[in-house]
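Chain by chain, the residues run as shown.
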Amino acid sequence: MTRIRELDALRGFAVGGIMLVNTWQHTAKEPRTAVDWTIDALFQSRFYPIFSLLFGISFMLFLRGNSRWALLSRLFWLFWIGMAQHAFYKGEVLTDYAFYGAAVLLPASFLPGGLPILLLALVVIAWAVLVGGGPLLIPGLFLLGMALWELRPSRRLLLPAFAVTTLATILLTGAWAMTNSWTVYSVAALMGAAAYSLGLLLLLRPWLSAVLEPLGRMALTNYVSGTAVIVAATPLLNADRTRWAVVALALATVGVQVLFSRWWLARFRYGPLEWIWRCLTWFRLVSNRLESGRDHNRPLSDPGVP
């Protein structure tokens, strides 16, 4: 079976958004500017939910062709990749992904069918919103990704779901601006993430997919390299009081990553860190170079990390 290209494109979209938000988060924000207000209201906390949901889907894809022991090995090495990243970037989430994957997703994989997983996901997400949101939303979003993969909702639901989530996002963002409630903000961010995801799937065209897919297929490499760029550029970013340097750096970095990812994947099956992760998972050297210089539709059982 071939890869699901829409998921790769959606993952690439999330990678690009996270680069923008993470760059902004690591800059001084006084005095507040229009850029700050725009990123805070429209982009902050909108992309990691997409990333987390896709991780839950990737979990199920991996299990289709591999054992739970192999998955545990995969999560173990993801944790240590995260620890290596933590040496230069304190805001990394890979260790959280590895921990919640083992603690939540692995037990949930024994549940019978998608409906029990969906109910559990909604309960966990509601609890996380009430107690503060943030990283606590990750396990619930993992479970939601698992449930959506199991239930396979019809594509005919995309348009009405997009309309509902877009309207909810607008109303909740307005309510947050008036109340400054963190709970309202968390729900608005989740609705915004849903609206962005559904909108992208509705608007996805071959040219856009060709830009986003390589970025998503090398999500781990691009996420880690992006954080390294942020750390190196932080002093320069803090010197710009307009915050437009944040936007410029994020766009430039993602642009270079798109070009590099396309060049790399024309020659290799897996991104650099994806290949290392795969070798560690299986405790052997895995062939990576493409014999014909093009991808041979890597199987669903080897998804990229979202």
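For the structure, check the block above.
Residues numbered from 1 in each chain as written. Predicted model: local features only at pLDDT ≥ 70, side-chain atom pairs only at ≥ 80, totals over all residues. Heavy atoms only, no water.

Here's the deal with the layout of surface pockets
Phase 1 of the analysis: Taken as a whole, the largest pocket encloses approximately 1200 Å³ of empty space.
Phase 2 of the analysis: Along the walls of the largest pocket sit 33 residues, with Leu 53, Leu 148, Pro 153, Leu 198 and Leu 201 positioned nearest its centre.
Phase 3 of the analysis: Elements supplying a minimum of two residues to the lining of the largest pocket: helix H1 (5–25), helix H3 (48–65), helix H6 (114–131), helix H7 (138–151), helix H8 (158–179) and helix H9 (182–203).
Phase 4 of the analysis: Split into classes, the residues belonging to the lining of the largest pocket amount to 27 nonpolar, three polar and three charged.
Phase 5 of the analysis: In this model, the second largest pocket occupies a volume close to 490 Å³. (1 Å grid on protein atoms, 1.4 Å probe; cavity = no way out; pocket = protein on both sides within 12 Å on 5 of 7 lines; lining within 4 Å. Points joined across faces, edges and corners; volume = space filled by probe spheres on them. Helix = DSSP H or I, 4+ residues; strand = E, 2+ residues; numbered from the N terminus. Nonpolar A, V, L, I, M, F, W, Y, C, P; charged D, E, K, R; others polar.)

Points about the environment of Arg 74
Phase 1 of the analysis: Inspection of the secondary structure assignment puts Arg 74 in helix H4 (residues 68–86).
Phase 2 of the analysis: Its relative accessible area of 8% is what places Arg 74 among the buried residues.
Phase 3 of the analysis: The sequence separation of Arg 74 and Arg 278 amounts to 204 residues, and the corresponding C-alpha distance is 7.7 Å. (Buried < 20%, exposed > 50% of the residue type's maximum accessible area, 1.4 Å probe, protein only.)

Notes on the packing of aromatic side chains
Here a ring pair, both rings aromatic, is described through the centre-centre distance and the interplanar angle of the planes.
Phase 1 of the analysis: For the structure on display, the rule yields 21 aromatic pairs.
Phase 2 of the analysis: Linked through ring pairs, Phe 51, Phe 55, Tyr 97, Phe 142 and Tyr 223 together constitute an aromatic cluster.
Phase 3 of the analysis: One Lys or Arg, Arg 68, reaches over the ring of Phe 110 and ends 4.0 Å from the middle of that ring. (Phe/Tyr/Trp six-rings, centres within 6.5 Å; stacked < 30°, edge-to-face > 60°. Lys NZ or Arg CZ within 6 Å of the ring centre and 35° of its normal.)

A few points about a nonpolar patch on the surface
Phase 1 of the analysis: On the surface, Phe 76, Trp 80 and Met 83 cluster together into a nonpolar patch covering about 310 Å² of accessible area.
Phase 2 of the analysis: The residue Met 83 is located in helix H4 in this model.
Phase 3 of the analysis: Judged by relative accessible area, which is 36%, Met 83 ranks as partly exposed. (Patch = residues over 30% accessible without salt bridge, like charges linked within 9 Å, V, L, I, M, F, W, Y side chains within 5 Å. Areas by Shrake-Rupley, 256 points an atom, 1.4 Å probe, with all protein chains shown as cover. Salt bridge = Lys/Arg side-chain N within 4 Å of Asp/Glu carboxyl O.)

Quick word on the environment of Leu 63
Phase 1 of the analysis: Mapped onto the elements of the fold, Leu 63 is located in helix H3.
Phase 2 of the analysis: Measuring from C-alpha to C-alpha, the distance between Leu 63 and Leu 208 comes to 29 Å, with 145 residues separating the pair along the chain.
Phase 3 of the analysis: Contacts of Leu 63, omitting those with residues within four sequence positions, involve Arg 68, Leu 71 and Ser 109. (Contact = heavy atoms within 4.5 Å.)

Overview of the packing of H4 against helix H13 (residues 272–282)
Phase 1 of the analysis: In the contact formed by H4 and H13, the axes pass within 8 Å of each other and the chain directions differ by 130°. Here H4 is positioned oblique relative to H13, judged by the angle of their axes. Note that H4 runs across H13; the crossing there is right-handed. Between H4 and H13, the contacting residues are Ala 70, Ser 73, Arg 74, Trp 77, Leu 78 and Ile 81 on the first element and Trp 277, Leu 280, Thr 281 and Trp 282 on the second. (Axes fitted to C-alpha atoms, helices over the stretch in contact; angles between N-to-C directions. Parallel < 35°, antiparallel > 145°, perpendicular 65-115°, else oblique. Left-handed = near helix turned anticlockwise from the far one by under 90°.)

Concerning the nonpolar core
Phase 1 of the analysis: In this structure, Phe 59, Leu 78, Leu 143 and Met 146 are the most contacted members of the largest nonpolar core, which totals 72 residues.
Phase 2 of the analysis: Top contributing element to this core by residue count: H3, with 11 residues. (Core = buried A, V, L, I, M, F, W, Y, C linked by side-chain atoms within 4.5 Å.)

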